[in-house]
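Analysis of the macromolecular model
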Amino acid sequence: MDEAVDRLAALLLACPGAVVLTGAGISTESGIPDFRSPGTGIYANDDPAEVLSVEALARRPERFWGFFASSFEGSYGAQPNAGHVALARLAQAGHVGTIVTQNIDDLHERAGSPEVLHVHGHLRTARCRRGHVHGLEQALGQLQARPVPVCPDCAGPIKPDVVLFGDQMSPDFERAIARLHDSDLVLVVGSSLAVYPANQLAFLARRLAIINRDPTPADGRASVVVRGSAGEALSALAMVLLGDDR
Ligand code: NAD
């Protein structure tokens, strides 16, 4: 890993303000499972595109909310890991710019990253069809008493403010496209690059670098691929570029 990390550090020095595109793999070391790691991903036996879709929420809300809660309830108590912290330090020092995340957890913000775009929404809120907005964590708490949470104001059905399969992308997606078109480099961390259209963001900057534990379909197009743990690779990168002054 060391030699690849050195090459990545040199690339970042040549391309200041690189955009970082993160996926579920950066949060697995915080205890939040990803979707597609072989054997351990949340949906080793189910297709997330089917279970967490707009259609599933409309047709089988009990199943949707059961899966949603078991997948993401643990995110509220999770803490940023070494990878989130190293990225925040690199951003604060100007070695990387905007973080574009496919994740719905808030671990980049809690680690101190100054600018984070959430292309798939977030876990803070949910809303009903009439537009009442409430905390999503409280909505999930209703599952202790009923199989499907409802709006506390009108008792109508609610939807989490996350981008489901079959949903429109969040407004942050357009902002991310604009940032990437202006960028010399995108560093992808912890993404299988399997989810469309977010995976297309990897190809909008002039150059591509990847940190991932498993191979991705874009490895052949990358200037540098670091194969391994995001926490270890980003800590090593921060050590090369910033030294150990915390
Ligand atoms: P994915 O599950 O499709 O792929 C994760 C990738 O990360 C895999 O290729 C795996 O090899 C790699 N990986 C896992 N742990 C790693 C580690 N410690 N270090 C380095 N690499 C690691 O994830 P995706 O591409 O982000 O797509 C899944 C979709 O589901 C996205 O929208 C994602 O945001 C969402 N999701 C979000 C969360 C979250 O918010 N934390 C969790 C699960 C899924």
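In case you missed it, the structure is sitting above this.
What you see is a predicted model; the values in this text were computed from it and never measured.

1. What about the site of the ligand?
Every one of the 29 residues lining the ligand counts as a neighbour, but Glu 29, Gln 102, His 120, Ser 192 and Asp 214 are closest to it. Interatomic distance of 2.9 Å between a backbone N/O atom of Ile 104 and an oxygen atom of the ligand. A distance of 3.1 Å separates a nitrogen atom of the ligand from a polar atom in the backbone of Arg 213. For the ligand, the accessible surface in isolation is 840 Å², of which the surrounding protein chains cover 97%. Broken down by class, the residue content of the shell around the ligand amounts to 9 nonpolar, 14 polar and 6 charged.

2. Observations regarding the sheet that holds strand 3 (residues 116-118)
Taken together, 6 strands build an open sheet; the order of strands is 3-2-1-7-8-9 and the sheet is parallel. Whereas interior strands pair on both sides, the edge strands pair on one side only; in this sheet they are strand 3 and strand 9 (224-227). The average angle at which neighbouring strand axes cross in this sheet is 20°, direction not considered. The strands touched by helix 5 (residues 82-92) are strand 1 (18-22) and strand 2 (96-101); relative to strand 2, the strand with the most contacts, the crossing angle is about 140°.

3. What about the packing of aromatic side chains?
Within this structure, the stated rule accounts for 5 aromatic pairs. Ring plane angle 85° and centroid distance 5.4 Å describe the contact between Phe 64 and Trp 65, whose orientation is recorded as edge-to-face. Among the residues examined, Phe 64 registers a relative accessible area of 0% and is labelled buried. Chaining the aromatic ring pairs together yields one cluster made of Phe 35, Phe 64, Trp 65, Phe 68 and Phe 72. The side chain of Arg 221 reaches across the aromatic face of Phe 203, ending 4.0 Å from its centre.

Criteria and cut-off values
Position labels on residues start from 1 in each chain and follow its written sequence. Since the coordinates come from a predicted model, pLDDT governs what is reported: local features require at least 70, and pairs of side-chain atoms require 80 or more to be given and counted, while whole-chain, interface and lining totals use all residues. Side-chain numbers come from the whole structure's heavy atoms, not from hydrogens or water. We call a residue near a molecule or strand whenever a single non-hydrogen atom of that residue lies within 4 Å of it. Think of a polar contact as two N or O atoms within 3.5 Å of one another; within protein, one of them needs to be a possible hydrogen donor and the other a possible acceptor, and neighboring residues in sequence only count if both atoms come from side chains. Computed by Shrake-Rupley with a 1.4 Å probe, the accessible areas treat only the displayed protein chains as cover when residues are assessed. Polarity classes work like this: nonpolar for Ala, Val, Leu, Ile, Met, Phe, Trp, Tyr, Cys and Pro, charged for Asp, Glu, Lys and Arg, and polar for all others, with Gly in that last group. A pair of strands is treated as paired once DSSP finds two or more bridges between them. Strands are runs of DSSP state E lasting at least two residues, helices are runs of H or I lasting at least four, and both sets are numbered from the N terminus onward. Lines fitted to C-alpha atoms define the axes here, with helix axes fitted over just the stretch in contact, and angles between the N-to-C directions of these axes take values from 0 to 180 degrees. Contacts were defined at the residue level, with two residues in contact if any of their heavy atoms lie within 4.5 Å. When two rings of Phe, Tyr or Trp (its six-membered ring) have centres within 6.5 Å they constitute a pair, described as stacked for plane angles under 30 degrees, edge-to-face for angles over 60, and tilted for the intermediate range. Using a 1.4 Å probe on the protein chains alone, a residue whose accessible area is under 20% of its type maximum counts as buried, one over 50% counts as exposed, and one in between counts as partly exposed. For a Lys NZ or an Arg CZ to count as sitting over a ring, it must be within 6 Å of the ring centre and within 35 degrees of the ring normal.

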